[in-house]
Structure formats: structure tokens, C-alpha cells
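Architecture and fold: a report
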Amino acid sequence: MGGNEIDLSGDGGVIKTIIRQAKPDATGPTESFPLVDVHYEGTLAETGEVFDTTHEDNTIFSFEVGKGAVIKAWDLALKTMKTGEVAKIVCKPEYAYGSAGSLPEIPPESTLVFEVELVACRPRKGSNVASVSDERARLDELKRQREMAAATKEEEKKKREEAKAAAAARVQAKMDAKRGPGKGKGKGK
């Protein structure tokens, strides 16, 4: 084992190598911030074939650490990571998809290699629901402001056009008045 390889499971089942260190003051998932947002790419150790990646569509994968929501290797590895860190995680089948695999992409008894970047840690769903709805409310508010601004612009444009039309009508009325009676607009001067 290289000096920077860390055996997270104690039996060689999950080996982590830090590719990029987090900033010194970065924190990892905690009791109060157990939700993690990650970018990752997963390859099969045997073939080097990429079976899953968030890089193609630049999505974020989010889950709660330590809840068995993901393969065991991820629960173990992400507990040890800090925001901004990029790590390579080699997972033996018993810490990944085991003897069943996850067909069609992952054959039975596959050792998997993940490159994982911990993007952010967030509070749990309870407090997260608030932040999701806050986020939605904020976006709705922005949309409303944009719509109002657009409506105000429309309104102003209409007013300007009406003012222009009114001014033109006044000029027209003056000219008609000068032209003398017979138009019904003049005062018979």
C-alpha cells in the first residue's frame, strides 16, 4: 500500500486515496450537517469502464451519510472527507454491490473505483425542507420581481406611446383649428 492510501474498512475492503486536499478550515459531514452533495465518477476496476458519472451532465448527487442510502463504501468514505476534497475510493464487492452486482452496468463481484468530490455538507431533511422551500420561495420571488419589472416596463412603454399619441393629437388639433371652421374642431375663428 502506498503511504497515502487509507484503509477505511480495516480489511482492505475500502481504500481511500486523497487526490486533492480540502482547504485547512474545511469541515466534513457532521450530526447536524449529514447531507452531502457530491460529484463522482465510478469505474469498474477490472475494465476501467465508466459505469456512472455526474460530470457529463454536471449534476450533483445528494444523500445522507451513515443511513445506508448508498453502498457501504460511500458511507465509510464520506464520513472521512471534507468539503472540497477529491478522493479515489476503491471498493471491494462486499462494500459495494456484492455478489448480485447492479446489472447491467455492474457485474457480480465487482471491485469499483470511485473518484468523489465532496461539494457541500448540508443540514438534515427536517431543516433542509425549510431551505428547499426557502430556495423555492426565493426563486419565486425573483421570478415575480422580474415579471413585475417586465410589466412595469410594458406599462411605461404604453404610457410613453399614449403620451406621444396625445401630443400628436394636440398638434393635429392645433393645425385643424388654424385651418378654420368647417372641420367641427375650430371655434369658428
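Just so it is clear, the structure is predicted and the values come from calculations on it, not from any experiment.

Here we take up the nonpolar core. Counting 27 residues, the largest nonpolar core has Val36, Val38, Phe63, Trp74, Leu78, Phe114 and Val116 as the members making the most contacts within it. Mapped onto this core, the elements with two or more residues apiece are β3 (35–44), α1 (72–79), β6 (86–91) and β7 (112–122). Those residues in contact with Val38, other than ones at most four positions away along the chain, are Thr54, Thr59, Ile60, Phe61, Phe63, Trp74, Leu78, Val116, Glu117, Leu118 and Val119.

Before going further, it helps to examine the pattern of salt bridges. In the structure shown here, the tally under the stated rule is five salt bridges. Salt-bridge contacts for Glu85 lead to Lys16; the nearest nitrogen and oxygen are separated by 2.8 Å. With Glu85 in the loop between α1 and β6 and Lys16 in strand β2 (residues 14–20), the pair connects residues that are 69 residues apart, well separated along the chain. Pair check on accessibility: Glu85 and Lys16 agree, each one buried. A salt bridge links Asp37 to Arg122; the nearest nitrogen and oxygen atoms lie 2.8 Å apart. Note that Asp37 is positioned in strand β3 and Arg122 in strand β7, a separation of 85 residues in sequence.

All right, on to the side chain of His39 then. Inspection of the secondary structure assignment puts His39 in strand β3. Within the local environment of His39, its side chain forms a polar contact with the side chain of Thr54, the two groups lying 3.4 Å apart. Beyond its immediate sequence surroundings of up to four residues, His39 is in contact with Thr54, His55, Asn58, Thr59, Ile60, Glu115, Val116, Glu117 and Val119.

What follows concerns the pairing of β2. Strand direction decides the pairing type here: strand β1 (residues 5–7) and β2, joined by three bridges, are antiparallel. What sits directly across from Asp7, in β2, is Ile15. Joining the antiparallel neighbours β1 and β2 is a turn of six residues, in which Gly10 adopts a positive phi near 85°. Summarising the sheet, β2 and β6 pair through six bridges and their orientation is antiparallel. Looking at the pairing, Arg20 lines up with Val86 of β6.

Cut-offs applied
- Going along each chain's sequence as written, the residues are numbered from 1 onward.
- The model is predicted, so local features are restricted to residues of pLDDT at least 70 and side-chain atom pairs to those at 80 or more, both for listing and for counting; the totals for chains, interfaces and linings are taken over all residues.
- Remark: hydrogens and water are excluded; side-chain values derive from all non-hydrogen atoms of the structure.
- We define a nonpolar core as any set of buried Ala, Val, Leu, Ile, Met, Phe, Trp, Tyr and Cys residues linked to one another through side-chain atoms lying within 4.5 Å.
- Type-normalised accessible area, obtained with a 1.4 Å probe on protein chains alone, sets the label of each residue: buried when under 20%, exposed when over 50%, and partly exposed for intermediate values.
- Here a helix means four or more residues in a row that DSSP labels H or I, a strand means two or more in a row labelled E, and each is numbered from the N terminus.
- Whether two residues are in contact is decided by their heavy atoms, any of which lying within 4.5 Å being enough.
- For salt bridges, the criterion is a side-chain nitrogen of Lys or Arg within 4 Å of an Asp or Glu carboxyl oxygen.
- Any N or O atom pair separated by 3.5 Å or less is treated as a polar contact, with the protein-specific requirement of one donor-capable and one acceptor-capable atom, and with residues adjacent in sequence counted only for side-chain atom pairs.
- Any two strands with at least two DSSP bridges between them are considered paired.

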